[in-house]
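Listed below are the residues making up each chain.
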Amino acid sequence: MPEIQFIKLRKPEKAKHFCELAEHYLQQGRRLLLMVQDDNQAVTLDGFLWTWNKGSFIPHAYDNGAVDCLEEPVLISTREQNGNGARVLVLGKPCGLEFLRQFEEVIDFAEIYDDELAEASRERFRLYREAGYAPSLR
């Protein structure tokens, strides 16, 4: 069963956290799957990962179904498919509980800067707990 952590976001800067987390886990030699809402967010994050930190290099790919991504240590996806065998999942959108089970770590976001998003975050926290996970907040 994966360890689930929520990161509090006080402002809408999820892309920055995606990049920081990708760099952190890449330095540990761990594969990472970044789950985003749609193709637009995927393309935007793909570009941001190349430019967000001039001193950083994060090898990654956007799994749009057109390229083979098995060897990429960091993968961006909109689908519940673990194309690179990642053990860490970062959620930019909700995913099914069955999909989460294949990961060692799952990172979700508590978007407290917006009432509606904050309530959705609390609901996911409750759902994880009811499913037997022990989510934590950092």
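Our structure is the block above this text.
Here the structure is a predicted model, which is why all the values come from computation and not from measurement.

Draft legend 1. The packing of aromatic side chains, seen in detail. Considering all chains together, one arrives at 6 aromatic pairs under this definition. For the pair Trp-50 and Phe-57, a centre-to-centre distance of 5.8 Å together with 40 degrees between the ring planes defines the contact as tilted. On the basis of an interplanar angle of 80 degrees and a centroid distance of 6.4 Å, the ring pair of Tyr-128 and Tyr-133 is categorised as edge-to-face. A relative accessible area of 2% places Tyr-128 in the buried class.

Draft legend 2. Spatial organisation of the sheet that holds strand β3 (residues 60-62). Strand order in this open sheet of 7 strands is β3-β4-β2-β5-β6-β1-β7, and the pairing throughout is parallel. With partners counted over all chains shown, the strands left at the sheet margins are β3 and β7 (136-137), one partner each. Direction of pairing for strand β1 (residues 3-9) relative to strand β6 (residues 105-111): parallel, over a ladder of 7 bridges. What sits directly across from Leu-9, in β6, is Glu-111. Of the strands in this sheet, β2 (32-35), β3 and β4 (74-77) touch helix α2 (residues 39-51), which is tilted by about 160 degrees from β3. Along the sheet face, helix α4 (residues 115-130) touches β1, β5 (88-91), β6 and β7 and points at about 145 degrees away from the line of β6.

Draft legend 3. Seen up close, the nonpolar core. Counting 21 residues, the largest nonpolar core has Leu-32, Leu-34, Leu-45, Leu-49, Ile-76 and Val-90 as the members making the most contacts within it. Elements with a minimum of two residues in this core: β1, α1 (14-27), β2, α2, β4, β5 and β6. Considering every element that reaches this core, the biggest residue donor is α1, with 5 residues. Ignoring anything within four residues of it in the chain, the contact list for Ile-76 reads Leu-34, Val-36, Ala-42, Leu-45, Asp-46, Leu-49, His-60, Ala-61, Tyr-62 and Asp-63. One finds Phe-6, Ala-61, Ala-110 and Tyr-133 within the second-largest nonpolar core, a separate group that totals 19 residues.

Draft legend 4. The environment of Phe-103, seen in detail. Structurally, Phe-103 can be placed in the loop between α3 (97-100) and β6. Note: C-alpha distance between Phe-103 and Met-1 (102 residues apart in sequence) is 7.7 Å. If we ignore the near neighbours within four places in the chain, the residues touching Phe-103 are Pro-2, Leu-33, Asn-82, Ala-86, Arg-87, Val-88 and Leu-89.

Draft legend 5. Expanded view of the pairing of β4. Side chains Val-74 and Ile-76 of β4 all project onto a buried face; the interleaved residues Leu-75 and Ser-77 project onto the opposite face, where all are buried too. Where β2 and β4 come together, 4 bridges link them in parallel fashion. Along β4, the bridge assignment pairs Leu-34 with Ile-76. By the bridge criterion, 3 bridges tie β3 to β4 in an arrangement that is parallel. Counterpart to Tyr-62 in the pairing with β4 is Ile-76.

Draft legend 6. Structural context of α1. Between its first and last C-alpha, α1 extends 20 Å over 14 residues, near the 20 Å set by a 1.5 Å rise per residue. All of the buried residues in α1 are Lys-14, His-17, Phe-18, Cys-19, Leu-21, Ala-22 and Tyr-25. Where α1 is buried, its residues contact β1, β2, α2, β4, β5 and β6. Of the residues flanking the end of α1, it is Gly-29, one or two places downstream, whose phi is positive at about 75 degrees.

Rules behind the numbers
- Residues numbered from 1 in each chain as written.
- Predicted model: local features only at pLDDT ≥ 70, side-chain atom pairs only at ≥ 80, totals over all residues.
- Heavy atoms only, no water.
- Phe/Tyr/Trp six-rings, centres within 6.5 Å; stacked < 30°, edge-to-face > 60°.
- Buried < 20%, exposed > 50% of the residue type's maximum accessible area, 1.4 Å probe, protein only.
- Pairing = 2+ DSSP bridges.
- Helix = DSSP H or I, 4+ residues; strand = E, 2+ residues; numbered from the N terminus.
- Contact = heavy atoms within 4.5 Å.
- Axes fitted to C-alpha atoms, helices over the stretch in contact; angles between N-to-C directions.
- Core = buried A, V, L, I, M, F, W, Y, C linked by side-chain atoms within 4.5 Å.
- Expected span 1.5 Å × (residues − 1).

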